[in-house]
Amino acid sequence: MQVSVSMGSPDTVAVPPSTHETAKTAVLLPSDLLPAETPTVQGFDWNAAISSPEGVTLHGLLGSYLTTGFQATNLGLAIKEIERMRAWRLNDVPVATDEDEDLIDPGVRAQIKCKIFLAYTSNLISSGLRETLRFLVEHKMVDVVVTTAGGVEEDLIKCLAATRLGDFTMAGAELRKRGINRIGNLLVPNQNYCLFEDWLTPILHAMATEQTADGQRWTPSRLIERLGREIDHPDSICYWAAKHGIPVFCPALTDGSLGDMLYFFSYKQPEFAIDMVADIRRLNDEAVHAKATGMIILGGGLVKHHTCNANLMRNGADFAVFVNTGQEFDGSDSGARPDEAVSWGKVRADARPIKVYGDATLVFPLLVAQTFAKDEVLTARKGMGNGVGTGGNGVGECKRSRIE
Amino acid sequence: MAEEAAATIEDYDFSGTTAGASDVFPSEAGQIKKGGYIMIKGRPCKVVNVSTSKTGKHGHAKANFTAVDIFNGKKVEDVVPTTHTTYVPNVNRSEYQLLDIEDGFVSLLQEDGGTRDDLKLPDYPEGFDQEILKAYQDGKSLSLSVLSACGIDQIIAYKEEA
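Residues numbered from 1 in each chain as written. Chains lettered and ligands numbered in written order. Predicted model: local features only at pLDDT ≥ 70, side-chain atom pairs only at ≥ 80, totals over all residues. Heavy atoms only, no water.

1. Brief notes about the overall build of chain B
Piece 1. A tally of helices and strands in chain B yields two helices and 11 strands.
Piece 2. Counting over 162 residues, chain B shows a buried share of 38%.
Piece 3. Across chain B, the fraction of contacts at a sequence separation of at least 24, relative to all contacts at a separation of at least 6, is 50%.
Piece 4. Split by element, the accessible area of chain B, about 9100 Å² in all, is 48% carbon and sulfur. (Helix = DSSP H or I, 4+ residues; strand = E, 2+ residues; numbered from the N terminus. Buried < 20%, exposed > 50% of the residue type's maximum accessible area, 1.4 Å probe, protein only. Contact = heavy atoms within 4.5 Å. Areas by Shrake-Rupley, 256 points an atom, 1.4 Å probe, with all protein chains shown as cover.)

2. Quick look at the overall build of chain A
Piece 1. A count of helices and strands for chain A gives 18 helices and nine strands.
Piece 2. Looking at chain A as a whole, 48% of its 404 residues are labelled buried.
Piece 3. Considering only contacts within chain A whose residues lie at least 6 apart along the sequence, 74% involve residues at least 24 apart.
Piece 4. Total accessible area on chain A stands at roughly 20900 Å², and carbon and sulfur atoms take up 56% of it.

3. Examining the UniProt feature "domain: Translation initiation factor 5A C-terminal" (unreviewed entry) in chain B
Piece 1. The feature "domain: Translation initiation factor 5A C-terminal" (unreviewed entry), as given by UniProt, occupies residues 90-159 of chain B in the numbering adopted here.
Piece 2. For residues 90-159 of chain B, helix accounts for 14% and strand for 49%, while the C-alpha atoms at its two ends are 24 Å apart. (UniProt positions renumbered as here; feature names shortened; annotations may be inferred.)

4. A closer look at the environment of Gly-107 of chain A
All names here are of chain A.
Piece 1. With respect to the helices and strands, Gly-107 occurs in helix 5 (residues 106-109).
Piece 2. By relative accessible area, which is 41% here, Gly-107 ends up partly exposed.
Piece 3. On a C-alpha basis, the gap between Gly-107 and Arg-217 in space is 39 Å, while along the polypeptide they are 110 residues apart.

5. Let's talk about the interface of chain B and chain A
A common way to report how large an interface is uses the accessible area buried once the components associate.
Piece 1. With 14 residues of chain B in contact, the opposing surface of chain A contributes 14 residues.
Piece 2. Summed over the three residues of chain B that lose the most area to chain A, namely Lys-57, His-60 and Val-79 of chain B, the buried surface amounts to 40% of that side.
Piece 3. Viewed at the interface, chain A and chain B are joined by three salt bridges.
Piece 4. A salt bridge links Asp-260 of chain A to Lys-57 of chain B, with the nearest nitrogen and oxygen atoms 3.2 Å apart.
Piece 5. Here chain B is connected to chain A by 10 residue pairs in polar contact (both at pLDDT 80 or more).
Piece 6. For the side of chain B that touches chain A, the leading source of residues is strand 5 (residues 75-81) of chain B, giving four residues.
Piece 7. Per-class residue counts for the side of chain B that touches chain A are two nonpolar, six polar and six charged. (Buried area = accessible area lost by both parts, 1.4 Å probe. Salt bridge = Lys/Arg side-chain N within 4 Å of Asp/Glu carboxyl O. Polar contact = N/O pair within 3.5 Å; in protein donor to acceptor, adjacent residues only side chain to side chain. Nonpolar A, V, L, I, M, F, W, Y, C, P; charged D, E, K, R; others polar.)

6. Details of helix 15 (residues 301-312) of chain A
Residue and element names in this part refer to chain A.
Piece 1. If you check helix 15, its first and last C-alpha atoms are 17 Å apart, about what 12 residues at 1.5 Å a residue would give, namely 16 Å.
Piece 2. Among the residues of helix 15, those classed as buried are Val-303, Lys-304, His-306, Thr-307, Cys-308, Ala-310 and Asn-311.
Piece 3. Those residues of helix 15 hidden inside the fold are in contact with strand 1 (115-120), strand 2 (144-147), helix 14 (276-288), strand 7 (293-298) and strand 8 (319-324). (Expected span 1.5 Å × (residues − 1).)

7. With respect to the pattern of salt bridges
Note that side chains of opposite charge can pair when their charged atoms are close.
Residues and elements named next belong to chain A.
Piece 1. Applying the stated criterion across every chain, the model contains 27 salt bridges over all chains.
Piece 2. Here Glu-81 ties to Arg-84 by a salt bridge, and the two come within 2.4 Å at their closest N and O atoms. Taken together, the positions of Glu-81 and Arg-84, both in helix 4 (residues 70-87) and three residues apart, correspond to about one turn of that helix.
Piece 3. According to the relative accessible area criterion, Glu-81 is buried, its value standing at 1%.
Piece 4. A salt bridge links Glu-99 to Lys-291, with the shortest nitrogen-to-oxygen separation between them at 3.5 Å. Here Glu-99 is found in the loop between helix 4 and helix 5, whereas its partner Lys-291 is found in the loop between helix 14 and strand 7, with 192 residues between them in sequence.
Piece 5. The class for Glu-99 is buried, based on a relative accessible area of 16%.
Piece 6. For Lys-291, a relative accessible area of 33% corresponds to the partly exposed category.

8. What to know about the packing of aromatic side chains
Residues and elements named next belong to chain A.
Piece 1. Applying the stated rule across the entire model yields seven aromatic pairs over all chains.
Piece 2. When the centroid spacing of 4.7 Å and the interplanar angle of 90 degrees are considered together, the rings of Phe-44 and Trp-46 count as edge-to-face.
Piece 3. Ring geometry for Phe-196 against Trp-199: centres 6.1 Å apart, planes inclined by 25 degrees, an arrangement best described as stacked. Here Trp-199 and Phe-196 lie together in helix 10 (residues 190-214), a separation of three residues that amounts to about one turn. By the burial criterion, Phe-196 is buried, and Trp-199 matches it.
Piece 4. Here the aromatic cluster, defined as three or more aromatic residues joined through ring pairs, consists of Tyr-263, Phe-264 and Tyr-267.
Piece 5. Geometry around Trp-344 places Lys-346 over its ring, the cationic atom sitting 4.5 Å from the centre. (Phe/Tyr/Trp six-rings, centres within 6.5 Å; stacked < 30°, edge-to-face > 60°. Lys NZ or Arg CZ within 6 Å of the ring centre and 35° of its normal.)

9. Looking at the packing of helix 8 (residues 149-157) of chain A against helix 10 of chain A
Residues and elements named next belong to chain A.
Piece 1. Where helix 8 contacts helix 10, the axes come no closer than 10 Å and their chain directions differ by 95 degrees. Between helix 8 and helix 10, the angle falls in the class roughly perpendicular. Counting all contacts with helix 8, which are made through Glu-153, Glu-154, Leu-156 and Ile-157, the residues of helix 10 involved are Asn-192, Tyr-193, Phe-196 and Trp-199.
Piece 2. When the residues that make up the contact of helix 8 with helix 10 are grouped by side-chain class, the tally is five nonpolar, one polar and two charged. (Axes fitted to C-alpha atoms, helices over the stretch in contact; angles between N-to-C directions. Parallel < 35°, antiparallel > 145°, perpendicular 65-115°, else oblique.)

10. Focus on the sheet that holds strand 9 (residues 115-116) of chain B
Residues and elements named next belong to chain B.
Piece 1. What the five strands build is an open sheet, ordered 9-8-7-10-11; its pairing is antiparallel. Across the chains shown, the open sheet's two edge strands, defined by having one partner strand only, are strand 9 and strand 11 (152-160).
Piece 2. Strand direction decides the pairing type here: strand 10 (residues 142-149) and strand 11, joined by eight bridges, are antiparallel. Along strand 11, the bridge assignment pairs Val-146 with Ile-155. (Pairing = 2+ DSSP bridges.)

11. Some points on the state of the cysteines
Piece 1. Summed over all chains, the structure comprises zero disulfides over all chains.
Piece 2. The thiol sulfur of Cys-114 of chain A is not disulfide-bonded, and the nearest other cysteine sulfur, from Cys-308 of chain A, lies at 14 Å.
Piece 3. Residue Cys-45 of chain B stays outside any disulfide, its sulfur separated by 9.3 Å from that of Cys-150 of chain B, the closest cysteine.
Piece 4. For Cys-45 of chain B, a relative accessible area of 0% corresponds to the buried category. (Disulfide = S-S within 2.5 Å.)

12. Points about the domain arrangement of chain B
Residue and element names in this part refer to chain B.
Piece 1. Domain assignment breaks chain B into domain 1 (24-89) and domain 2 (91-161).
Piece 2. Between the C-alpha centres of domain 1 and domain 2 the distance comes to 30 Å.
Piece 3. In this assembly, 10 residues from domain 1 lie in contact with seven residues from domain 2.
Piece 4. A buried area of about 750 Å², summed over both sides, lies between domain 1 and domain 2, and 75% of it is on carbon and sulfur atoms.
Piece 5. It is Ile-70, Phe-71 and Pro-89 in domain 1 that bury the most area against domain 2; as a group they hold 65% of the surface buried on that side.
Piece 6. Along the contact surface separating domain 1 from domain 2 lie two residue pairs in polar contact (both at pLDDT 80 or more).
Piece 7. Mapped onto the side of domain 1 that touches domain 2, the elements with two or more residues apiece are strand 2 (37-40) and strand 3 (43-53).
Piece 8. Looking at the side of domain 1 that touches domain 2 residue by residue, the classes come out as seven nonpolar, two polar and one charged. (Domains from an automatic or database assignment.)

The structure is reproduced here in structure tokens:
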């Protein structure tokens, strides 16, 4: 009896492959050889660390992240990106054909650094990450800050009264009765906001007087600078930002307790005005006039877009690190990957931006530990509280704007 | 009083009442209800609506007043923390029989039998003065309601006597 054949030329008798053979070919398909220099996945060697003189160290552990895979690798790449951002100097690039006269000298070029934009959402200021962010601003390790209203007021309120630890599962109705507000697993009693109102209202009255009498034009960044001076407390980000002339941008200043205060204040002083246009000018000019820029963006929403958009004005940032929990499947800007920003010209096409998927409270202290906190100038001069660090984008220290 | 009545309402400054005057009395803002009176921007007003927001992210509990100026009908708004002291005008309403109208001034019969001639015909609402004048000229016997607060007296209504 002839078995019907299915394939092959009429000359050969092809035998249908057995199931075993089919499976074997599928599974054991020979692979292309990866280039020899492709890194190997290799996690942290605990045994080696424990038996070493220093034992297990943070730096040792973080050093292993790059080859651990998944978000650990992304963290390792983010560390590298921040290192590049901090190490950049104008003399890394050739002198432009239309370069300014005073930017030709190599000695001068060696002083000019990348301008770093730090952006963060307000929940991070409610959290203990505020201490890490303050550290960066205190030591002038960033040049521009972008945040939302809560990012300003929660920082100031913490100088008046503390935020407390709670739990995600605390019942809303019960908390409302007790006059306690919940932010994730953090708690802010109403009393804290009452203290803020009592502190802020006289300052607003003074500012309104200055507007009418001295012609002072208030913008969100100038208002925040003023509040930073008024709070006069070394725990506060706004305090150090005002001290070092680091502008804090917050176009949606009304979207928070500050906005509530301004609303009530408008009944007393309807002519008090805050100019948003002057601030978009100031922020975008910061990007346009920089020789190189880097963005460190924690969270999504306004802070992410506003910072990227400013960098669009200079055809894209040279360096970028995003840390957020957003996903791109809904088309949101919050969840968009750096590559989407490249399509807009918000990040340069030849840049190596990186996104770390994760909660910034977990991720960012580790990033700072491996980069900013290892700053040689900082660690060499231990004990000096006068804000040594990198900063400024001109020759030596540049004078920042005071209240104009 | 005659020269004061001739001045316009805007000439008055209510913000500084002397200790002896009982034009206004202090009250906790949270105690002032709809239908009550309140001083807003130095003007005596009647409260049309109050809404309160409890203590929260915006700070202390606040009362949001919508009120109407009792003399010129203008709608005004104010927001005051409920525990703050604000001022309530002492508002009085009296009825007087109309005796005469001359040069826009009315002559009223007081309780003690004397006359009072210092009040002008009201300039609010529009045309109200003409209405009173016509009723008087038609020979009707009128009694006028006069509202008093913060040193201002103003005719706000009239009634025909049988």
